[in-house]
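Letter by letter, the chains look like this.
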Amino acid sequence: MIGIDIIDIRRFHNYKNSELLNILSKRILGNITLPKNNFADEISIARIFAIKEATIKASSGRIPFGDNSLIGFDNAENSVFHATYECKNEKLNFKVSSCTSGDYVLAIAILES
């Protein structure tokens, strides 16, 4: 399965220099290091949301909405992240990539078999 999400970065203008980025990056993206400047922060927040949504969509309902704290990502290889979701007796693995163009972030997640 494939999940795709697009986020308008402008939705996150009010979150510059907030603790939201730190909270989200720790809960959703694990140990990935994100840029610290103001503009990159709102892009990073939008990217986190897009990746989270694309991963949930690619799971075809196997990851419940609101359970995103259990999605973990490792560092990127050639702009592709490897994501893992573990719950009870199930472990789902994804390949995830995202890009930025203008005011938008696009994320694609592919559920690996």
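As a starting point, this report considers the structure included with it. (Residues numbered from 1 in each chain as written. Predicted model: local features only at pLDDT ≥ 70, side-chain atom pairs only at ≥ 80, totals over all residues. Heavy atoms only, no water.)

1. Things to note about a nonpolar patch on the surface
In step 1: Where nonpolar side chains cluster on the molecular surface, the patch consists of I2, I4, I108 and I110 and spans about 350 Å² of accessible area.
In step 2: Of all the secondary structure elements, the ones that give two or more residues to the nonpolar patch are β1 (2-8) and β5 (104-111).
In step 3: Secondary-structure assignment places I110 in strand β5. (Patch = residues over 30% accessible without salt bridge, like charges linked within 9 Å, V, L, I, M, F, W, Y side chains within 5 Å. Areas by Shrake-Rupley, 256 points an atom, 1.4 Å probe, with all protein chains shown as cover. Salt bridge = Lys/Arg side-chain N within 4 Å of Asp/Glu carboxyl O. Helix = DSSP H or I, 4+ residues; strand = E, 2+ residues; numbered from the N terminus.)

2. Examining the nonpolar core
In step 1: A46, I63, L92, F94, V96 and V105 are the most contacted members of the largest nonpolar core, which has 22 residues in total.
In step 2: Looking at this core, the elements with two or more residues in it are α2 (38-58), β3 (81-87), β4 (90-101) and β5.
In step 3: Top element by residues in this core is α2. It accounts for eight residues.
In step 4: Apart from the residues lying within four places of it in its own chain, the contact partners of F94 are T55, A58, S59, I63, F81, H82, A83, Y85, I110, L111 and E112. (Core = buried A, V, L, I, M, F, W, Y, C linked by side-chain atoms within 4.5 Å. Buried < 20%, exposed > 50% of the residue type's maximum accessible area, 1.4 Å probe, protein only. Contact = heavy atoms within 4.5 Å.)

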